[in-house]
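Observations on the model geometry
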Amino acid sequence: MTETTILIVPGLRDAVAQHWQTLLEADLRAQGQAVLVVPAMGREDLDCARRVQAIEAAAQSVQGPLLLVAHSGGCIMLAHWAQQTQRPVQAALLATPPDFEQPMPEGYPSLAQLEAGGWLPVPRQRLPFPSLVAASRNDPLGRWERVAALALDWGSELLDLGEVGHLNPASGFGPWPLASGLIAGLRQAHPAHLEH
């Protein structure tokens, strides 16, 4: 059986040097794990369809099982992508999805910008693969109750991370060691099938 590839899907602001996804990628590569990152598009490009196409291109470039690791806006990109793709997915870790249907703090896209970019409405159909939403109790980009409801709609398991802000450098997170354990748990709970 071929090895699982980890596909990392950054948020709107893309990966930065001290972001946990960037550090996770380096750790996974050091362990000899097959890993791929969806190419950055820059924080000014709010075209959701282009980002979904980038996920599809990356996913289709991989032979064998695929496990997704998304953060923030990347979770919403995956929800849009999941409605369109035929690509089988072993499982997905969705860390701190934002609530794009409520106004966000200054410096983030407005509802009008998100709507113009094709992000709204946020897909709420059940995801066609097993998933875990890791949510924060004090995320400035999404209230706990609304993110928990989104996880329920997606058919995702919900993990309460406590008060970790948006799980980004601004919230005091560079490394997020829990990510590796969550990925290992998803792989164990949802073994790759030969038909992938």
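The structure presented is a predicted model; accordingly, all values stated were derived computationally and were not measured.

1. Some words on the packing of helix α2 (residues 48-60) against helix α3 (residues 73-82)
The geometry of α2 relative to α3 is characterised by a closest axis approach of 9 Å and an angle of 75° between their N-to-C directions. Comparing their axes, α3 and α2 come out roughly perpendicular. Residue-level contacts link C48, R51, V52, I55, E56 and A59 of α2 to M77, L78, H80 and W81 of α3. Of the residues that constitute the contact of α2 with α3, the class distribution is seven nonpolar, one polar and two charged.

2. Quick look at the state of the cysteines
Applying the stated criterion to the full structure yields zero disulfides. Between C48, a free cysteine, and C75, which holds the nearest cysteine sulfur, the sulfur-to-sulfur gap is 13 Å. A relative accessible area of 3% means that C48 is categorised as buried. On the accessibility criterion, C75 (1% relative accessible area) is buried.

3. With respect to the nonpolar core
Counting residues in each nonpolar core, the largest one holds 41 residues, and the members touching the most others are L68, W81, L94, W119 and W154. Within the residue set of this core, elements represented by two or more residues are β1 (5-9), α2, β3 (66-71), α3, β4 (91-95), β5 (131-135) and α5 (144-154). By residue number, the principal contributor to this core is α3, which donates seven residues. Apart from residues lying up to four places away in sequence, W119 is in contact with L12, L46, C48, R51, G73, I76, M77, H80, F100 and L114. The next biggest cluster of nonpolar side chains, apart from the first, holds 22 residues, and it includes L28, A91, A95 and L167.

4. Here we look at the environment of R143
Within the secondary structure, R143 is located in the loop between β5 and α5. Along the primary structure R143 and Q102 are separated by 41 residues, whereas in three dimensions their C-alpha atoms are 9.5 Å apart.

5. Examining the sheet that holds β5
Here six strands make up an open sheet; going across it, the order is β2-β1-β3-β4-β5-β6 and the pairing parallel. Looking at which strands have only one partner, the edges of the open sheet turn out to be β2 (35-37) and β6 (157-160). Put simply, the sheet's adjacent strands are angled 20° from each other on average, direction ignored. Relative to β3, β1 runs parallel, the two sharing five bridges. Considered in β3, the bridge of V9 is made with A70. Packed on one face of the sheet, α3 meets β1, β3 and β4 and runs near 135° to β3. Sheet strands in contact with α5 are β4, β5 and β6, and its direction is about 180° off that of β5.

Parameters at a glance
- Residues numbered from 1 in each chain as written.
- Predicted model: local features only at pLDDT ≥ 70, side-chain atom pairs only at ≥ 80, totals over all residues.
- Heavy atoms only, no water.
- Axes fitted to C-alpha atoms, helices over the stretch in contact; angles between N-to-C directions.
- Helix = DSSP H or I, 4+ residues; strand = E, 2+ residues; numbered from the N terminus.
- Parallel < 35°, antiparallel > 145°, perpendicular 65-115°, else oblique.
- Contact = heavy atoms within 4.5 Å.
- Nonpolar A, V, L, I, M, F, W, Y, C, P; charged D, E, K, R; others polar.
- Disulfide = S-S within 2.5 Å.
- Buried < 20%, exposed > 50% of the residue type's maximum accessible area, 1.4 Å probe, protein only.
- Core = buried A, V, L, I, M, F, W, Y, C linked by side-chain atoms within 4.5 Å.
- Pairing = 2+ DSSP bridges.

Note that every value here comes from positions in space, so none of it alone points to a role or purpose.
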